[in-house]
2 protein chains.
Amino acid sequence: MSTDPVNAFVPGPRARIPGKPGLPLSGLTFAAKDLFDVAGIPTGGGNHDWARANPVPERHAWAVQRLLDAGAELVGKTITDEVSLGILGESAFDGTPLNSAAPERVPGGSSSGSAAAVAAGLCDTALGTDTGGSMRVPASFCGLYGIRPTHGRLDLAGLMPQAPSSDTAGWFARDAATFARVGKVMLGEEPGRLPTKLLIAVDAFGFADPEVAAALQPMVERLARIVGSPPREEIMAPQGLSVWARAQRSLQPAEAWQTFKPWIEQHNPRMAFSVAAGLIAGSQIPASERNWAALMREEARARLRYLLPAGTILCLPTTPFPAPLRGLSLPELQPLRDRITCLCAQGGLAGHPQVSLPGATVDGAPVGLSIIGARDSDASLIAVAKAMENAA
Amino acid sequence: MSTDPVNAFVPGPRARIPGKPGLPLSGLTFAAKDLFDVAGIPTGGGNHDWARANPVPERHAWAVQRLLDAGAELVGKTITDEVSLGILGESAFDGTPLNSAAPERVPGGSSSGSAAAVAAGLCDTALGTDTGGSMRVPASFCGLYGIRPTHGRLDLAGLMPQAPSSDTAGWFARDAATFARVGKVMLGEEPGRLPTKLLIAVDAFGFADPEVAAALQPMVERLARIVGSPPREEIMAPQGLSVWARAQRSLQPAEAWQTFKPWIEQHNPRMAFSVAAGLIAGSQIPASERNWAALMREEARARLRYLLPAGTILCLPTTPFPAPLRGLSLPELQPLRDRITCLCAQGGLAGHPQVSLPGATVDGAPVGLSIIGARDSDASLIAVAKAMENAA
């Protein structure tokens, strides 16, 4: 297609690579967030001054190559929040992709275009990234399946980094079958065994809007039936969701500043004010705060390791609310961003795999239920996604 | 002309308004920094997200109207450092105007395009602004006459504000006759009486590069002859040039933040990283620092009032060095910016009129000698400019 009413794809000629027949993903179309290298095409990174300062990639990113090798067809590169810093999907450079599930609302970010493209049916799956919530939030807001894999599980070669100790690459799908089909290729593993124990993160449910907690209740009950044992209520973050969020918001922006500092100092690029503000905040975090945050990260890792032995999953609302309206001002958005971080920080801190499952709405807008498992239980979470869809 | 090898004018169709015959400025061409309103044309302000958020002006800025009413011909609007925040003239949006006097060097800013256009002979004069040095620095770097008038002397209607307690509007010229001809229209006053006493700001000369101080020496001697009495050495800033600079750098960015905050919060505009960083720094200045800076401003005002009764002028290097090379990195530029502020802060703090006179070079690049007079002695400073040129 030559027009893009969804505004999911980056401006300019569409990046296209045909699929191949007779392979696991033959017939499947995919898009790649514009942080993933596609050979011969500048990687834009959501900032119009990035490509000018960086070489055109000569190789595909590992994840792109993986899908192509399995026969999938690349149909485009998608809009991303600038240098993956953004959680709402409103780009000062490329505009806001349409959230087909709730057109007056933001799609979520930073994997905004990938989520929007899948939600609108423009492709079957799409690659995104998740450092602080960039897969999970748009999955929740657009009503999609989306995974943040175990940190370190997938090869991130050819992916523009942000905060490497938290960066991951994932994918979206509209249905669990496609989600699992892509998962088998990306993980190199069949859907795993279903877990046998379910924990309910009462602190996270309590932190979400009451309407969200209520809307997710039927999904929690379905999860309990799939797991086959009575769920147990647990506090996920005994130190406080806001304390985990604080640790993540000290570590991630400081690391992002280190990632982008050489580019910024050499090229003084244009950036949305909010993105510059976030990086400057990252540059100003004192060592004492970062040192504390690193210790709190150890505590968060210990907590999730303790809560989540193999065969146990924890469920929580992916986001505390459905997608906010488009076009809010920065002072209106800041508290919303802060609340989102309180439910997403565990991903960047502890690195456990997390899948956001669609199936609930509030005021007609989607909101996702997340499941978190033990490290490297990614394939089990995909099995849960399939079972949830079958039981719906 | 349809091309712009100097890169002095804002992109797009050139703003042109014909002159009128039989008036004081008939036959004179001028350009206006893109902070001045020209009726019917969006005011860009050097930021590509500004015009979208602001109405197209229905009236000319006072200064534009004043020149048009005197018969001058408008030949274009000129590139400015973004929202007038910048002192070097390198724009992340519109590139760097050519400094015809030193092509490998920056033109200085923020009135970069106006200075470049006059220096290249694309017009006879050009309007600029000066909050923290934005007339004086490009005048020095491009080898032009340039004035920062007495604060409050000229009507700033239709001019995009930055820090109103320091904002002024001025003009450039290549020769003193044109400089004075425009001055008569802008000030509504003939060139004034020549001063009879000359002070030499020894702290400022000592702070400049020794090569700059040496290069300006013949001009100082010429000034002394014009004044007709032996010059007296004085410390301009007994509290320290760096202390005055600190006060200015606490007051001006804090005020600029208040000016631009509503736009930023509503529109999250794209900005060069350095500009966003400056505004954020302005937003973070504690009240205790601002309160101290306001007291120091009073001290600086008292000092210049004491030093500069009517008939006395003070001279100092306009800038501590000639224009830096183009394309330096942010860490290379920051100490240069800081040193420039040490010689420019008195303008924003005390509001006295200051004229930068061309006539010296270091390594082939221009550097200006500044004269400062009593408040409202603008016309006397213009008389000095004419006398200096006649005595050259």
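Residues numbered from 1 in each chain as written. Chains lettered and ligands numbered in written order. Predicted model: local features only at pLDDT ≥ 70, side-chain atom pairs only at ≥ 80, totals over all residues. Heavy atoms only, no water.

You'll find chain A entered in an unreviewed UniProt entry as Amidase, with Bosea spartocytisi given as the organism.

Asks: Would you mind showing me how to read the UniProt feature "domain: Amidase" (unreviewed entry) in chain A here?
Replies: Within this numbering scheme, the UniProt entry marks residues 19–381 of chain A as carrying the feature "domain: Amidase" (unreviewed entry). Spanning residues 19–381 of chain A, this segment combines 40% helix with 17% strand, and its end C-alpha atoms are found 28 Å apart. (UniProt positions renumbered as here; feature names shortened; annotations may be inferred. Helix = DSSP H or I, 4+ residues; strand = E, 2+ residues; numbered from the N terminus.)

Asks: Help me understand the relation of the copies chain B and chain A, please; the structure alone is not making it clear to me.
Replies: Applying a rotation about an axis and a shift along it to one chain copy brings it onto the other copy. In screw terms, the move from chain B to chain A is a rotation of 180 degrees and a rise of 0.0 Å along the axis, fitting with an RMSD of 0.0 Å. A rotation of that kind, with that shift, is consistent with a two-fold axis. In this assembly, 100% of the residues forming the interface of chain B have copies in chain A that are likewise at the interface, indicating an isologous arrangement. (Least-squares fit on C-alpha atoms with pLDDT ≥ 70 in both. Contact = heavy atoms within 4.5 Å.)

Asks: Would you explain helix H3 (residues 112–119) of chain B in this entry?
Replies: Side chains three or four residues apart in an α-helix point the same way, a direct result of the helix having 3.6 residues per turn. All names here are of chain B. Most of H3 sits out of view: 7 of its 8 residues are buried. Buried positions along H3 lie against strand E1 (29–33), strand E2 (73–78), strand E3 (125–130), helix H4 (136–142) and strand E5 (168–173). After H3 finishes, the residue glycine 121 shows a positive phi value of roughly 80 degrees. (Buried < 20%, exposed > 50% of the residue type's maximum accessible area, 1.4 Å probe, protein only.)

Asks: Would you explain the interface of chain B and chain A in this entry?
Replies: Many authors give the size of an interface as the accessible area that is lost as the parts come together. The interface is formed by 22 residues belonging to chain B together with 22 residues belonging to chain A. Of the roughly 2000 Å² buried between chain B and chain A, counting both surfaces, carbon and sulfur atoms make up 62%. When residues of chain B are sorted by the area they lose upon contact with chain A, B:Asn268, B:Arg270 and B:Phe273 head the list and together hold 35% of the total. Run the count over chain B and chain A and you get 0 salt bridges. (Buried area = accessible area lost by both parts, 1.4 Å probe. Salt bridge = Lys/Arg side-chain N within 4 Å of Asp/Glu carboxyl O.)

Asks: What am I meant to see in unusual backbone geometry here?
Replies: Excluding glycine, residues mostly carry a negative phi; peptide bonds, for their part, are mostly trans. Here the residue pair A:Gly109 and A:Ser110 is connected by a cis peptide bond, since its omega of 5 degrees sits within 30 degrees of zero. Following the sequence through the fold, A:Ser110 ends up in the loop between strand E2 (73–78) and helix H3 (112–119). Positive phi, normally seen in glycine, also occurs at B:Val83, with a value near 40 degrees. Mapped onto the elements of the fold, B:Val83 is located in the loop between E2 and H3.

Asks: Help me understand the sheet that holds strand E10 (residues 354–362) of chain A, please; the structure alone is not making it clear to me.
Replies: Hydrogen bonds between backbone groups are what pair the strands of a sheet, and the pairing can be parallel or antiparallel. All names here are of chain A. Strand order in the open sheet formed by 10 strands is E2-E1-E3-E5-E4-E10-E11-E9-E6-E7, and the pairing between neighbours is mixed. For this open sheet the edge positions go to E2 and strand E7 (232–234), each flanked by a neighbour on one side alone. Averaged over neighbouring strand pairs, the angle between their axes works out to 30 degrees when direction is ignored. Pairing of strand E1 (residues 29–33) with E2, which is carried by 5 bridges, proceeds in the parallel orientation. The residue bridging alanine 32 from the neighbouring strand is lysine 77, located in E2. (Pairing = 2+ DSSP bridges. Axes fitted to C-alpha atoms, helices over the stretch in contact; angles between N-to-C directions.)

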